[in-house]
Every structure is written in C-alpha cells, then in structure tokens.
Amino acid sequence: MSLNDACALNVLKTAEEDTHGWKMMIGGEWVESRSGKRTASINPAHDEVIGSVPAGNAEDIQLAVDAGKSAFPAWSRLHVDERARHCRQFAAAVRGMARELGMLDAIDSGNAWVPMVEDAKKGASLHDFFAGLGMEMKGETIPTPGGGLDYTRPQPFGVIGRIIPFNHPISFAAGKIAPALIAGNTVVLKPADQTPLSALWMGKLVQECFPAGVVNIVTGDGPTCGAALVAHKEVRRIAFTGSVETGRAITRAAGIKSLSLELGGKNPLIIYPDVDVEKAAAAAVAGMNFSASQGQSCGSNSRIFVHSKIKVRFMEAVLERVAKIRIGLPELETTQMGPVVSRRHYERVMGYIDAGRKEGARLVHGGGHAPGEDLQKGCFVDIAIFDNVRHGMKIEREEIFGPVMSVLTWEDEAKMLQEVNDSDYGLCANIWTNDITTGMRMAEAVQAGYIWINGHGGKRFKGAPFGGFKDSGLGREHSIDELMSYTQIKNVNIAF
Ligand code: NAD
C-alpha cells in the first residue's frame, strides 16, 4: 500500500476493525452480503485497492427493508422531540469523529482532508437543523359546511430508500438521512459504489445513537443494489441524489412512489461589466469547488458568461487564483485539491478536455495530468480553463463534473440570456452585477432553482430550499419543504 501518512493508515485500520472488516449495518448488526460477494474500494490518489465492501443485492435490500419495517412502529410513535434527541446525539457523535471520517473520505474519494472534515460537520449540522424544525410538521384545519371538524395530519411513509452519489460521501450519508428520520420514517441508505467506506464506519455511530433498524446501510452497485431498493414494493418514498441518467432510470423503475431527485447541473455565472473584477474572479474560482471536490459538485459554476469589456482582466485574475491552488495527495493537510474519484472518471474528464480542444475552445490553463512526482500514479487532473468557448460546444452543454471551467464572452444581454437558458439543466445560477435592478431582473429570467446574486456555488444556506428546474431534478432539500416531503398528508373529517 502506498499510503504513507501515519494518520491515514491508522484511520483505515481502525475503521476496518470497527466495521468488523467493512460489513454492512442491518437491524443494528454488522452483516456480510447474503451472496458473500465483495467489491473493491479504490484510493484514486494511488489507484490502489484499500478495502472491499459487501456487494449487496436484492436479498440484502429485503433484509434491510424488513429491519426498517420492524423498527418503524416504535420510532414513528416516539414524540418528535424524542426523535430529535437521537438525531442531536448522532450529530454530536459525527462531529466528534469529523477528523477521522474526513480522513477516510480523503483516502476513499480523493477529496482533500481538511474540507472533508468540514463536510462531516455539515452533515452533522443537518440533524440539528431538522431536529429544530420537527415541531413545524403541522397540519391544517379546513372549514367544512354544516359544522364538524376537518383537519390534516402529516404522517411518515414507513421505510425510506436513500441513494447518494460519490462526491460528498460522509456529508451526504450523515446529513441526508436527517429529515426522513425526524419525520418519523426509518431508512435504508445506499452509498455510492466508489466511496462506501465512511458510510459503513458511520454504522458504528448509528448503532450507538439509534434503536436497531432505524438506519440501515447497504453497500453495492447501482444497477443491482440501488435498483432493488427502488423497485421494493414496501419502500414508498425514494430520495435520490446523483446523475440525470440514473434519475431517469429510477423514474422508470420506481412505479407509484413518492420521488425526490437531486440531479446534475451546468450552472451559469453571468458577469456584468459594472462589477469589481477581482471579486467576480474570486467567486468564479471558489464557485467551481476545485478545493473540496475537484469541481465534482452539482453546484459548480462551470459556464462563465463574462462581459467583453472586462474579459481580459477577469481571465488574468482567474488564472492568478487557479495557479495558487495546491494540488496534492488528499490525506495531507496542505492539499487543496486531490484526484478525481476514479480512473474511469479521470478518462471521462480527459475526454471532455480533448473535445473542448477539438471544437476550437482555447485551453489557457492545465488540462493535462497534474504535475508532481507523487501524483503520477493517481487520477489527478490539472485544472482546465477554457477561453473562447461558444454556446453549443460539448464542454458548454454537458455536465463534466470535474475541474473544467468554460468561459464565454457576451455583449448582447438578450442573446446571452437565451444561451444561458438554452440548457436541459436548471440547478443553480450566479449573477454578478452592482445594479440591483439588473440582478433582480435576471434572477427572474434565468431558469434555475437556486440563484445567487453576487455570491457563488460554494455557498448554500440552511433553510433555503435547494433543488433544480428542468432535468436538474424534482423536490427541494435543506428546508422545511424537504422535511414535509418525508410525510404524506392524511385528512380527517369529524361530524359533530
Ligand atoms: P450516479 O447517478 O452514477 O450514482 C448515484 C447513486 O445512484 C450511486 O449510489 C449509484 O450506485 C446509484 N445508482 C446507479 N444506478 C442506479 C439504478 N439503476 N438504480 C438505483 N440506484 C442507482 O451519480 P454519481 O456519479 O455518483 O454522482 C454524480 C452526479 O450526482 C452528478 O450528476 C451530480 O451533479 C449529481 N449530484 C447532484 C446533487 C444535487 O444536490 N443536485 C448533489 C451531488 C451530486
């Protein structure tokens, strides 16, 4: 094993012991897959196997759903304050292990360690947030003719299927189960195939903080394990975060279920000539999420529409900032950007960079393998900045999900807006201007579910509903809307 950092090795060893050799958590017990099959988890910084996890299938999903069903009556009957107490205890436990969980994510996903520690804390904080919102799960009274009383009750679904992607492993594994639990549901969580380790280690905290069966964690690939969860008749609510392609497959396979889909993005950052160029460039770089996830973020502002008047200085300022980003081994404290998640994804990102060149965009930074002797074996992409990108090029249209920024230049606002909206995606958008009227006018006109004016894609606000228009998804997260989406409304009518 090439991991030479003592802390990283120690975390890997402890996690493996705690999970009894990377077992799954079903009904409060560490279990192997019924098939006995395992799949490897690979450290993308060294392109080396660091462990193997159970290859869960329909049989394992059945056991997990059964465990969730057994735990549901008692869990859903608890007063919401009591469920909140469990969730807060869990949040504290995740925070207490944030450094170690962050390190495990660094070596399993390639994301840099320091931001991954913050990621673990972000996941924990969603439990505190939804715990605080629990008492807001209120019904209504409805005026009915002839006296009597009509009222509604938000009620949990039962067992929820929670499927997550690879880019923020522990943050999503810990945080995205919170609203389902507060609403009184039990959960079967399926982490991403590439990054299952921190979710399994989290099983130890699940065991300590929740009654058995309230949270079950099953590892396995998408088409077998994920699909079995989606198809399960007794799982009436699926919450999915991942690609549009998988979102489509889930929509087709789910049947009559409640679905939320948090999917991809190709998010525009529009820059007017009246801005402070340095600040806009800083936002463009920060909003690409190079640090923390190598641009592998649904919210990255990967399409920049900069006004021609300020273009030259803007590009200089972007390049100055990008040159300072420290690409390195993700387990090191000094590293800001690590490798992309896998060899397959590395090839995919490189394919896009090649397509950009071939279509005539001008590569003004990076785009090859990142330099550095210790980075040559791993999946390190040097940040690619493309200038002279035109609307309709592949790198402008498709979500690359990597460290690739495309810069387009505009002069005619109406044409720019048409190009901004001519996309199948509609997750986020950023507008930079010092004219509040322009900012608000454009915020109305841009087709996206989450807009920043003079902000950037690295900033999200708890309580503010996050989710997409068009192919970017269905439903909203991180808000009261999300909590209520884990309930179904029952209407009760009483005749006096
Ligand atoms: P992915 O769709 O390949 O996989 C996501 C999850 O779905 C994994 O756990 C996978 O095993 C599972 N899966 C795959 N096929 C399945 C099937 N047929 N049935 C059920 N489950 C299946 O996505 P990814 O590559 O892990 O993540 C990248 C994508 O996620 C990007 O498109 C990104 O924009 C998106 N994303 C969106 C948000 C958001 O909040 N909108 C956040 C993070 C990531």
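Residues numbered from 1 in each chain as written. Predicted model: local features only at pLDDT ≥ 70, side-chain atom pairs only at ≥ 80, totals over all residues. Heavy atoms only, no water.

J.: Honestly, the domain arrangement of the chain in this entry has me stumped. Any pointers?
T.: How big an interface is tends to be expressed through the accessible area that disappears when the partners come together. Domains assigned within the chain are domain 1 (6-263 + 475-492) and domain 2 (268-461). On the side of domain 2, 29 residues touch domain 1, which itself brings 27 residues to the contact. Around 2,100 Å² of area is buried between domain 1 and domain 2 when both sides are counted, 58% of it from carbon and sulfur atoms. At the boundary of domain 1 with domain 2, the tally comes to two salt bridges. Two residues, E48 and K377, come together in a salt bridge whose shortest N-O distance is 3.8 Å. At the junction of domain 1 with domain 2, the criterion picks out six residue pairs in polar contact (both at pLDDT 80 or more). Of all the secondary structure elements, the ones that give two or more residues to the side of domain 1 that touches domain 2 are helix 4 (98-109) and helix 5 (113-133). Here the side of domain 1 that touches domain 2 is built from residues that sort into 14 nonpolar, nine polar and four charged. (Domains from an automatic or database assignment. Contact = heavy atoms within 4.5 Å. Buried area = accessible area lost by both parts, 1.4 Å probe. Salt bridge = Lys/Arg side-chain N within 4 Å of Asp/Glu carboxyl O. Polar contact = N/O pair within 3.5 Å; in protein donor to acceptor, adjacent residues only side chain to side chain. Helix = DSSP H or I, 4+ residues; strand = E, 2+ residues; numbered from the N terminus. Nonpolar A, V, L, I, M, F, W, Y, C, P; charged D, E, K, R; others polar.)

J.: Which parts of the structure should I look at to understand the site of the ligand?
T.: Around the ligand, 28 residues are found, and the nearest of them are D193, S243, T246, L263 and E399. Between an oxygen atom of the ligand and a side-chain N or O atom of D193, the distance comes to 2.5 Å. L263 places a main-chain nitrogen or oxygen 2.8 Å from a nitrogen atom of the ligand. Computed on the free molecule, the ligand has an accessible area of 860 Å², of which 88% lies beneath the protein chains in the complex. (Near = heavy atom within 4 Å. Areas by Shrake-Rupley, 256 points an atom, 1.4 Å probe, with all protein chains shown as cover.)

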